[in-house]
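Residues per chain are reported as follows:
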Amino acid sequence: MIRVLIADDQDLVRGGLAALLALEDGIEVVAEVGRGDLVESAVAEHDPDVVLLDIEMPGLSGLEVAERLRDHRVIIVTTFGRPGYLSRALKAGVAGFVVKDAPVTELTAAVRRVMTGERVIDPRLAVSALTMGPSPLTQREAEVLRVAADGSTVADIARRLFLTEGTVRNYLSSAIGKTGARNRVEAARVAESRGWL
């Protein structure tokens, strides 16, 4: 029996995945959580063989959780099939990456395949990731853009990140150039849409 933990902040999606997986022979859903910051304790309590993680969750993102669960078989199951997310997930050591619009047979096959030691990646997303390449943003540029995305002023960003205003301007200028955007809010939008943030 393959023991599965599902982490997704949308109750309907989480419940639907659990119901579908429960219909499969040899798969048992042992836990469900709706927040990223609850996953580690649930893993410790229920000892799943495979952890299914959504990317966008409150508390911690699925990518942040995956980094903390490097010793576990993790499959990212997300609506956000962005090449940048795939790259970050692979760096975090995930065993699989499946988009939510894939047929349930692909998800169950992925669960079974990662149990044999395979890495399972949605082929369409893999091609996109290879053609787009890695994020051109440095870690600090991405951090500054995340904070700038809500329209914060340079002074606010500097204060929140403990940087000088000049340093913030330099990071924003560099990020705007790398994304081909006209301003920092657009740069944040472009970077987010490509999965770089």
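Conventions and cut-offs
- Residues numbered from 1 in each chain as written.
- Predicted model: local features only at pLDDT ≥ 70, side-chain atom pairs only at ≥ 80, totals over all residues.
- Heavy atoms only, no water.
- Helix = DSSP H or I, 4+ residues; strand = E, 2+ residues; numbered from the N terminus.
- Polar contact = N/O pair within 3.5 Å; in protein donor to acceptor, adjacent residues only side chain to side chain.
- Contact = heavy atoms within 4.5 Å.
- Core = buried A, V, L, I, M, F, W, Y, C linked by side-chain atoms within 4.5 Å.
- Buried < 20%, exposed > 50% of the residue type's maximum accessible area, 1.4 Å probe, protein only.
- Pairing = 2+ DSSP bridges.
- Axes fitted to C-alpha atoms, helices over the stretch in contact; angles between N-to-C directions.
- Right-handed = clockwise from strand over helix to strand, strands pointing away.

As recorded in an unreviewed UniProt entry, the protein goes by the name Response regulator transcription factor, listed as coming from Nonomuraea antimicrobica.

*Asks:* For this particular structure, what's the right way to read the side chain of D8?
*Replies:* Examined against the element boundaries, D8 turns out to sit in the loop between β1 (2-7) and α1 (11-22). Side chain to side chain, D8 and K100 meet in a polar contact 2.6 Å long. If we skip the residues at most four places from it in the chain, D8 touches V13, R14, V33, G34, D54, M57 and K100.

*Asks:* Please clarify how the nonpolar core should be interpreted in this entry.
*Replies:* Here is a general trend for soluble globular proteins: nonpolar side chains tend to be buried in one another's company. One finds L5, V39, V51, L53 and F97 to be the most contacted residues of the largest nonpolar core, which totals 25 residues. At the level of secondary structure, the elements contributing two or more residues to this core comprise β1, β2 (27-33), α2 (39-46), β3 (50-53), α3 (62-68), β4 (73-78) and α4 (83-91). When neighbours within four sequence positions are excluded, V39 is seen to be in contact with L5, A7, V33, V51, L53, V65 and L69. In this structure, V147, A158, L163 and V168 belong to the second largest nonpolar core, which totals 20 residues.

*Asks:* For this particular structure, what's the right way to read helix α10 (residues 184-193)?
*Replies:* Of the residues making up α10, those classed as buried are E186, A187, A188, V190 and A191. Contacts from the buried residues of α10 go to α7 (139-148) and α9 (165-179). Capping the start of α10, N183 holds a side-chain oxygen 3.2 Å from the backbone nitrogen of V185, two or three residues further along. Positive phi shows up at G195, right after α10, with a value of about 80 degrees.

*Asks:* Sorry, what's going on with the environment of R189 here?
*Replies:* With respect to the secondary-structure elements, R189 resides in helix α10. Since its relative accessible area comes to 56%, R189 is described here as exposed. Linking R189 and A149, residues 40 residues apart in sequence, is a C-alpha distance of 7.2 Å.

*Asks:* What exactly am I supposed to notice about the sheet that holds β1 here?
*Replies:* Note: strands within a sheet are paired through backbone hydrogen bonds, in either parallel or antiparallel orientation. With parallel pairing, the six strands of this open sheet are ordered in space as β2-β1-β3-β4-β5-β6. Either end of the sheet is taken by a strand with one partner, and the two such strands are β2 and β6 (120-121). Strand direction decides the pairing type here: β1 and β3, joined by four bridges, are parallel. Counterpart to A7 in the pairing with β3 is L53. Lying over the sheet, α1 contacts β1, β2 and β3, oriented at roughly 165 degrees with respect to β2.

*Asks:* How should I be thinking about the pairing of β1 in this particular structure?
*Replies:* The two faces of a sheet get side chains in turn, since along a regular strand they alternate between them. Counting buried positions along β1 yields five of six residues, so the element is predominantly enclosed. By the bridge criterion, six bridges tie β1 to β2 in an arrangement that is parallel. Among the inter-strand pairings, A7 is bridged to a residue of β2, identified as V33. With α1 bridging β1 and its parallel neighbour β2, the resulting β-α-β unit is right-handed.

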